[in-house]
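# Results of the structural survey
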Amino acid sequence: MENEYLISYAKKAMGNAYSPYSGFSVGAALLTTEGEVFTGCNVENASFGATICAERCAVMKAVSEGYTSFKKIAIVSSGDDLTYPCGICRQFLSEFMEDGIVVVQDKTGNIKEYSLNELIPFAFNLVKDFDDE
Ligand code: THU
């Protein structure tokens, strides 16, 4: 139920994707531990490396509104297959959802769910190291 709800938000956000260079649209919906939902889409740039993925777009929106603890993120794309978060987004998410869940859905409606930890074991973490001292 929660997954379907988040996926519907992600699909709506995907409609706002700005992806004239790749033609590949991505939408994400992030659920905070407080129950708020923040969405994101990929925003490309003529200087390709400046492109922001949908997942980081959603995280930036949430953090900038004061939400820094996330439970789950749903990701959909215009591609045929399941779209998993890229390496940068996995690291970026790990800052705020160490034991969070990543839900992905393909075009046929097939849903898969992973823990973020599964997708990025041993994520880099400075804060933890500081805490240990
Ligand atoms: N993209 C995302 O938005 N999220 C991902 O996890 C993978 C890639 C975007 C970036 C770029 O606009 C397009 O997909 C093609 O790489």
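This text follows the structure it describes.
I will try to describe carefully the structure that is included in this document. Positions within a chain are numbered from 1, following the residues in the order the chain's sequence is written. Selection of residues for local features in this predicted model requires a pLDDT of at least 70, selection of side-chain atom pairs for listing and counting requires 80 or more, and totals for whole chains, interfaces and linings are taken over all residues. Side-chain metrics in this entry use all non-hydrogen atoms of the structure; hydrogen atoms and water are not considered.

## Re the overall build of the protein chain
Condition: For helices the rule is a DSSP run of H or I covering at least 4 residues; for strands it is a run of E covering at least 2, with both sets numbered from the N terminus onward. Here the globule rule is a power law, 2.2 Å times the number of residues to the power 0.38, and the radius of gyration is based on C-alpha atoms. Only protein chains enter the area calculation, which uses a 1.4 Å probe; residues under 20% of their type maximum are buried, those over 50% are exposed, and those in between are partly exposed. We call two residues in contact when some of their heavy atoms are within 4.5 Å. Where accessible areas are quoted, they stem from the Shrake-Rupley method and a 1.4 Å probe; at the residue level, only the protein chains shown are allowed to cover.
Along the protein chain, the regular secondary structure elements total five helices and five strands. When the helices and strands of the protein chain are listed from N to C terminus, the series reads α-β-β-α-β-α-β-β-α-α. Taken over the C-alpha trace, the protein chain has a radius of gyration of 14 Å; the compact-globule value for 133 residues is 14 Å, and the two agree within 12%. Seen along its three principal axes, the alpha-carbon backbone of the protein chain occupies a region of about 45 × 40 × 25 Å. The 133 residues of the protein chain split such that 41% are buried. Considering only intrachain contacts with a sequence separation of at least 6, the fraction spanning at least 24 residues in the protein chain is 61%. Carbon and sulfur atoms provide 54% of the accessible area of the protein chain, an area that totals close to 7,500 Å².

## Let's talk about the packing of helix 2 (residues 54–64) against helix 3 (residues 87–94)
Short version of the rule: The angle between two axes is taken between their N-to-C directions and runs from 0 to 180 degrees, where each axis is a line fitted to C-alpha atoms and a helix contributes only its stretch in contact. An angle counts as roughly parallel when it lies under 35 degrees, as roughly antiparallel when it exceeds 145, as roughly perpendicular when it falls between 65 and 115, and as oblique in every other case. Less than a right angle of anticlockwise turn of the near helix away from the far helix marks a crossing as left-handed, whereas a clockwise turn marks it as right-handed.
Here helix 2 crosses helix 3 at 25 degrees, and the two axes come no closer than 9 Å. Put simply, helix 2 runs roughly parallel to helix 3. The chirality of how helix 2 crosses helix 3 is left-handed. Between helix 2, through Glu-55, Arg-56, Val-59 and Met-60, and helix 3, the contact on the second element is made entirely by Ile-88, Cys-89, Phe-92 and Leu-93.

## Observations concerning the pattern of salt bridges
Formally: Criterion for a salt bridge: a side-chain nitrogen of Lys or Arg within 4 Å of a carboxyl oxygen of Asp or Glu.
Here the structure, examined in full by the defined rule, presents three salt bridges. With its nearest N and O atoms 3.2 Å apart, the salt bridge here joins Glu-2 to Lys-71. Of the two residues, Glu-2 is situated in helix 1 (residues 2–14) and Lys-71 in strand 3 (residues 70–77); the sequence distance between them amounts to 69 residues. Taking relative accessible area as the criterion, Glu-2 reaches 28% and is therefore assigned partly exposed.

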